[in-house]
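This is what each chain is made of:
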Amino acid sequence: MEQKKKRKELKRKLLHKYRLVILNESTFEEKISFKLSRLNVFVTGTLLIIGLIGFTTLLIAFTPLREYIPGYSSTALKRQATELTYTTDSLVNALNYTNRYLENIRKVLRGDIETSEINPDSVFESIKLDPSQLDLSPIREDSILRAAVALEDRYNLFEQPIFDGSILLYTPLTGTISPTYNADLKHFAIDIVAVKDTPVKAVATGRVIFAEWTASTGYVVILEHNQDLISVYKHNGSLTKDQGTIVRAGEVIATVGNTGELTTGPHLHFELWKGGNPVNPENYIDFN
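Residues numbered from 1 in each chain as written. Predicted model: local features only at pLDDT ≥ 70, side-chain atom pairs only at ≥ 80, totals over all residues. Heavy atoms only, no water.

### Details of the overall build of the chain
- When helices and strands are counted, the chain shows five helices and twelve strands.
- Out of the 288 residues in the chain, the part that is buried amounts to 32%.
- Expressed as a percentage of contacts within the chain between residues at least 6 apart in sequence, the contacts between residues at least 24 apart total 60%.
- Summed over all atoms, the accessible surface of the chain reaches about 18,500 Å², with 57% contributed by carbon and sulfur. (Helix = DSSP H or I, 4+ residues; strand = E, 2+ residues; numbered from the N terminus. Buried < 20%, exposed > 50% of the residue type's maximum accessible area, 1.4 Å probe, protein only. Contact = heavy atoms within 4.5 Å. Areas by Shrake-Rupley, 256 points an atom, 1.4 Å probe, with all protein chains shown as cover.)

See the structure below:
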């Protein structure tokens, strides 16, 4: 009975009606009145608090306002940091590649490294050409040079070296070889003696990575080919290609000259490099 009385008393207190009246202080005129109970106030307040909490949570979770709360990181800052990380990584890779590339060019120009044994088959395979994909139409520079030097120097892009019957490297110049490649004397090239102004041709399709004058070797042109193969042409009388130009196999790139402090007469100083190491050109090209 005592418990029933307590429950009835609690129920009565929760459901007991109260009236909330808003009056005009001056005239005591009733403006607004509400009929309330303790239960209604409790339920309504609880719902309002839950709704406010939910709304605040959504506002923080899905709007930039969360960046102002300690512990949350800025989305823009995080995105910028990620982009900077990728950019830094790319720059490091590009810098490493450029340093290796420049070091190889320095070795080619100075010729101051020890020779190493290179498997000829790897070079043969990397520079094979498909004649059906070559553009054999003559270019204007070739015609002008031929008329200027007035030399009979016709070549066939389908000449086949004696190695395995497939097209490999083309002869840059026909002439007498003296001296030959000698690694012991650090002469990492062959010297081809020929008449001055004779056209010098590219041994394979590639890109001109150096075409300038040097004090010791005169006019120098360097071509970069596929599979890390580089061909070097020194002591030229003149150059017909600029740095960055793409040349085709057999295309005229220079003329024979006698330029530079180390020259002893009109000839072509020809070098062939594979993977940053000099190789004997006579192992890959038929100069006969």
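### Digging into the nonpolar core
- Core analysis: the biggest nonpolar cluster contains 28 residues, and Leu-169, Leu-223, Tyr-233, Ile-253 and Phe-270 have the highest contact counts within it.
- Of all the secondary-structure elements, those providing two or more residues to this core are strand E4 (190–193), strand E6 (206–214), strand E7 (218–225), strand E8 (229–239), strand E10 (252–256) and strand E11 (267–274).
- Leaving out residues up to four positions away in the same chain, Ile-253 has contacts with Val-200, Lys-201, Ala-202, Val-221, Leu-223, Tyr-233, Leu-239, Thr-240, Lys-241 and Val-247.
- Core analysis: the second largest hydrophobic core is formed by nine residues, Ile-105, Ile-209, Phe-210 and Ile-230 among them. (Core = buried A, V, L, I, M, F, W, Y, C linked by side-chain atoms within 4.5 Å.)

### With respect to the packing of aromatic side chains
- As enumerated under the stated definition, the model contains five aromatic pairs in all.
- For the pair Tyr-181 and Phe-188, a centre-to-centre distance of 6.3 Å together with 50 degrees between the ring planes defines the contact as tilted.
- The exposure class assigned to Phe-188 is buried, which follows from its relative accessible area of 4%.
- An angle of 75 degrees between the planes, with centres 5.1 Å apart, marks the rings of Trp-213 and Tyr-219 as edge-to-face.
- When its relative accessible area of 31% is taken as the criterion, Tyr-219 is described as partly exposed.
- An aromatic cluster is built from Tyr-233, Phe-270 and Phe-287, whose rings are joined through pairwise contacts. (Phe/Tyr/Trp six-rings, centres within 6.5 Å; stacked < 30°, edge-to-face > 60°.)

### Here's the deal with the pattern of salt bridges
- Considering all chains together, one arrives at six salt bridges under this definition.
- The closest approach of N and O atoms between Arg-12 and Glu-9, which form a salt bridge, is 2.5 Å. Here Arg-12 pairs with Glu-9, and both are found in helix H1 (residues 2–15), just three residues apart, close to one helical turn.
- On the accessibility criterion, Arg-12 (43% relative accessible area) is partly exposed.
- Relative accessible area serves as the criterion here: at 33%, Glu-9 is assigned to the partly exposed category.
- With a closest N to O distance of 3.4 Å, Glu-251 and Arg-248 form a salt bridge.
- A residue is classified by how much of its surface remains accessible, and Arg-248, at 22% relative accessible area, is partly exposed.
- Bridged by salt links that share partners, the residues Lys-241, Arg-248 and Glu-251 form one connected network. (Salt bridge = Lys/Arg side-chain N within 4 Å of Asp/Glu carboxyl O.)

### Structural notes on the pairing of E6
- Examined bridge by bridge, E6 and strand E9 (residues 246–247) share two bridges and lie antiparallel to one another. Its bridge partner being in E9, Gly-206 is matched across the sheet by Val-247.
- Two strands pair when backbone bridges link them, and E6 and E7 are joined in this way by seven bridges, in the antiparallel orientation. Looking at the pairing, Ala-211 lines up with Val-221 of E7.
- Two successive antiparallel strands, E6 and E7, enclose a turn made up of three residues. (Pairing = 2+ DSSP bridges.)

### A look at the environment of Leu-268
- Summarising the element assignment, Leu-268 is placed in strand E11.
- Sequence separation of Leu-268 and Asp-191 is 77 residues, and the distance between their C-alpha atoms is 5.5 Å.
- If we ignore the near neighbours within four places in the chain, the residues touching Leu-268 are Pro-172, Leu-173, Ile-190, Asp-191, Ile-192, Val-200, Tyr-233, Lys-234 and Asn-236.

### Quick notes on the side chain of His-267
- Of note, His-267 is situated in strand E11.
- His-267 sits in the buried class, given a relative accessible area of 8%.
- At 2.7 Å, the side chain of His-267 forms a polar contact with the backbone oxygen of Gly-265.
- For His-267, the contacting residues outside a window of four places in its chain are Asp-191, Ile-192, Val-193, Ala-194, Lys-234, His-235, Val-256 and Gly-257. (Polar contact = N/O pair within 3.5 Å; in protein donor to acceptor, adjacent residues only side chain to side chain.)

### Structural notes on unusual backbone geometry
- Note the cis peptide between Ser-178 and Pro-179, where omega equals -5 degrees.
- Structurally, Pro-179 is set in the loop between strand E3 (176–177) and E4.
- Phi at Lys-186 takes a positive value of approximately 60 degrees, unusual for a residue other than glycine.
- Mapped onto the fold, Lys-186 is located in the loop between E3 and E4.
- Classification of Lys-186 by relative accessible area gives partly exposed; the value is 43%.
- One non-glycine residue, Asp-197, adopts positive backbone phi at about 75 degrees.
- Inspection of the secondary structure assignment puts Asp-197 in the loop between E4 and strand E5 (199–201).

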